[in-house]
Amino acid sequence: MKSSEYIQLFLEYLKTLPQASKIAVLFEGASFYYNQLYYKLILCSLSNIKQIVIITTENIKDHVTKRALLISKNCLIEYQIYETISPERAELVYKKLNSKNWDGRYLTKLCNDEDDIIRYIKNLNDIIDVLYSASYGKGFENHYADMFSQSDSEINKKYLYALCTLELLGVNYIPERILPGLLPAFEIKFNYKKFKKEYEEILIIRNHRVKVRCMRLIQKVVKLELESEEYIELLRQVVLQITGQFREGDINEWSELFQKTLLVKRLLSEKILNIYDILQLLQMLEDDCKMYSYYWIQRGIAEQKVSNFEKADNYFRKAISKNKKSYQAHHALAKNLMERGIFDYINKKSTQYAPYYFDEGQKEMRSIIENTSFRFVSNNCTKIKIFGIMNQKAYVKESYI
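In what follows, the accompanying structure is described. Every value quoted in this text rests on a predicted model; they were computed, and no experiment measured them.

The helix and strand tally for the protein stands at 22 helices and 7 strands. If you take every contact in the protein between residues at least 6 apart in sequence, the share linking residues at least 24 apart comes to 67%. Entry remark: accessible area of the protein is about 22,300 Å², with carbon and sulfur atoms responsible for 49%.

Another aspect to go through is the packing of aromatic side chains. Enumeration according to the criterion identifies 16 aromatic pairs in this entry. Measuring from ring centre to ring centre gives 5.1 Å for F258 and Y292, while their planes differ by 55 degrees; the resulting arrangement is tilted. Separated by 34 residues along the polypeptide, F258 in helix α14 (residues 253-262) and Y292 in the loop between α17 (286-289) and α18 (293-305) bring together distant segments of the chain. We classify F258 as buried; its relative accessible area is 1%. Residue classification places Y292 among the buried positions, given a relative accessible area of 3%. Just above the ring of Y173 sits the side chain of K211; from NZ or CZ to the centre is 5.6 Å.

On the surface, L26, V53 and I55 cluster together to form a nonpolar patch covering roughly 260 Å² of accessible area. The class of I55 is partly exposed, set by a relative accessible area of 44%.

Our focus in this paragraph is the environment of A332. Secondary-structure assignment places A332 in helix α20 (residues 327-346). Sequence separation between A332 and I297 is 35 residues, and the spatial gap between their C-alpha atoms is 7.3 Å. Residue contacts for A332: discarding those within four places in its chain leaves Q304 and F316.

What follows is about the packing of helix α7 (residues 114-124) against helix α8 (residues 127-136). Where α7 contacts α8, the axes come no closer than 8 Å and their chain directions differ by 125 degrees. Looking at the two axes, α7 sits oblique to α8. Crossing handedness for the pair α7 and α8: right-handed. Of α8, the residues touching α7 (which contributes Y120, I121 and L124) are D129, V130 and S133. Residues that form the contact of α7 with α8 fall into these classes: 4 nonpolar, 1 polar and 1 charged.

With respect to the element layout, S21 can be found in strand β1 (residues 21-28). A relative accessible area of 10% means that S21 is categorised as buried. Of the polar contacts made by the side chain of S21, one reaches the backbone oxygen of P18; its length is 2.6 Å.

With antiparallel pairing, 3 strands are arranged side by side in an open sheet as β3-β5-β4. Each having just a single partner strand, β3 (174-175) and β4 (203-206) make up the two edges of the open sheet. On the sheet, helix α10 (residues 154-168) packs against β3, β4 and β5 (209-212) and is oriented at approximately 85 degrees with respect to β5.

The relative placement of two packed helices is expressed as an angle between their axes plus a distance between the axes. At a minimum axis distance of 8 Å, the contact between helix α5 (residues 87-99) and α7 shows a crossing angle of 115 degrees. Every pair of crossing elements has a handedness; the one defined by α5 and α7 is right-handed. Two secondary-structure elements touch here, α5 through P87, A90, E91, V93 and Y94 and α7 through E114, I117, I118, I121 and K122. Looking at the contact of α5 with α7 residue by residue, the classes come out as 7 nonpolar, no polar and 3 charged.

Now for α5. The end-to-end C-alpha separation of α5 is 18 Å, in line with the 18 Å expected for 13 residues at 1.5 Å each. Three or more residues of α5 are buried, namely A90, V93, Y94 and L97. Considered in projection along α5, the buried side chains sweep an arc of 95 degrees and stay on one side of the axis. When the buried face of α5 is taken as reference, the exposed residues oriented beyond 90 degrees from it are E88, L92 and K96.

This part covers the pattern of salt bridges. Scanning all chains against the criterion turns up 20 salt bridges. Measuring nitrogen to oxygen at the nearest pair gives 3.7 Å for the salt bridge that ties K157 to E154. Taken together, the residues K157 and E154, both in helix α10 and 3 residues apart, mark about one turn of the helix. In this structure, E310 and R340 form a salt bridge, with 3.7 Å as the shortest nitrogen-oxygen distance. With a gap of 30 residues between them, E310 in helix α19 (residues 309-322) and R340 in helix α20 connect regions that are remote in the sequence. The class of E310 is exposed, set by a relative accessible area of 58%. Given the relative accessible area of 13%, R340 is considered buried.

As a further point, take α18. With 13 residues, α18 extends 19 Å from end C-alpha to end C-alpha; this agrees with the ideal 18 Å at 1.5 Å per step. The buried fraction of α18 amounts to 12 of the 13 residues, a majority that puts the element mostly inside the structure. Following α18 by one or two positions, S307 has its phi on the positive side, about 65 degrees.

What follows is about unusual backbone geometry. At N74, a residue that is not glycine, the phi angle is positive and equals roughly 55 degrees. Of note, N74 is situated in the loop between α4 (68-72) and α5. Phi angles above zero are rare outside glycine, and H208 is one such case at about 65 degrees. Position of H208 relative to the elements: it lies in the loop between β4 and β5.

Rules and cut-offs
- Residues numbered from 1 in each chain as written.
- Predicted model: local features only at pLDDT ≥ 70, side-chain atom pairs only at ≥ 80, totals over all residues.
- Heavy atoms only, no water.
- Helix = DSSP H or I, 4+ residues; strand = E, 2+ residues; numbered from the N terminus.
- Contact = heavy atoms within 4.5 Å.
- Areas by Shrake-Rupley, 256 points an atom, 1.4 Å probe, with all protein chains shown as cover.
- Phe/Tyr/Trp six-rings, centres within 6.5 Å; stacked < 30°, edge-to-face > 60°.
- Buried < 20%, exposed > 50% of the residue type's maximum accessible area, 1.4 Å probe, protein only.
- Lys NZ or Arg CZ within 6 Å of the ring centre and 35° of its normal.
- Patch = residues over 30% accessible without salt bridge, like charges linked within 9 Å, V, L, I, M, F, W, Y side chains within 5 Å.
- Salt bridge = Lys/Arg side-chain N within 4 Å of Asp/Glu carboxyl O.
- Axes fitted to C-alpha atoms, helices over the stretch in contact; angles between N-to-C directions.
- Parallel < 35°, antiparallel > 145°, perpendicular 65-115°, else oblique.
- Left-handed = near helix turned anticlockwise from the far one by under 90°.
- Nonpolar A, V, L, I, M, F, W, Y, C, P; charged D, E, K, R; others polar.
- Polar contact = N/O pair within 3.5 Å; in protein donor to acceptor, adjacent residues only side chain to side chain.
- Pairing = 2+ DSSP bridges.
- Expected span 1.5 Å × (residues − 1).
- Arc of directions from axis to C-beta.

Function cannot be read off these values alone, since they describe shape.
The structure is reproduced here in structure tokens:
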């Protein structure tokens, strides 16, 4: 359901169901579409539907970023699945295996007694890893390490690193048709059939889309050995191959891929690029992305990271000119003005203008709060604390987009 069109098709299907139907639907990687799901499904008010439950799976970072509307409408129940296995859980796993007369021939070689086996399960911290270790005498980490070390195709490794990089950015699947072009320097020699064969046990391919599975384990044994220039070219090629597939304001798999690929905060936190490489990437993409407000927002955020507040201001205003209803653009502009005032005051740089910038930022923030189209966002996401009155102005302690 990764577009408003698919959600509409699902609605048409719901209309065909009997009266008083209760519906549960699983939607993986759904955070980017929470608003669509709320307005088009949860509020659908179909007379034949008594109850609808949407089960979604998502990583914590993406979920927390997008959940505000669902919280504000009191229609969200969260269950966090932890990666760790507690001692109690480890004991339950052992008892279940025992009850099924499961043959873990290597466990008795690796462990001395039942308590030792339970500790071993807890330390491995992965049920599948437990089963694999017990059957083959080594864990998945070692298995994957052997797989990568024995691979004799450097080109295939590069493409695997490219997919892993996108996975770190929250990209769930990449269309198969654009995969070969992600690394232009190797495209001519890249053989997709051989790539799939070599890494078939760690690739998931569905509906002509491909992703890497078991990233938690793979991250432990694979060093993403791409040069910064290769990372830049990879991200640039992803963007070039999807621009034009969506319009400003569209919500679909192409706009999702675009936004996740260029998210400055994630690029930095995952240490894929440094801020200067990001600035270079965004500058290279201007001609191809200048029609999208999201591009200008991220470019403004990147300039803000290096205290180029004037450039950031210009880019945020360009974002607003592309989409006047963009909460993110208005909030980024307000935050930038206030941070510029604080920066100038602290660094005694143009101190006579610091109060002006801060006041303008406050006005912009108030306009967001008072704008009814932003009401659900400002009530639930905007968090501002004013403190430390110094001379004429206050400092902004916290501000969230």
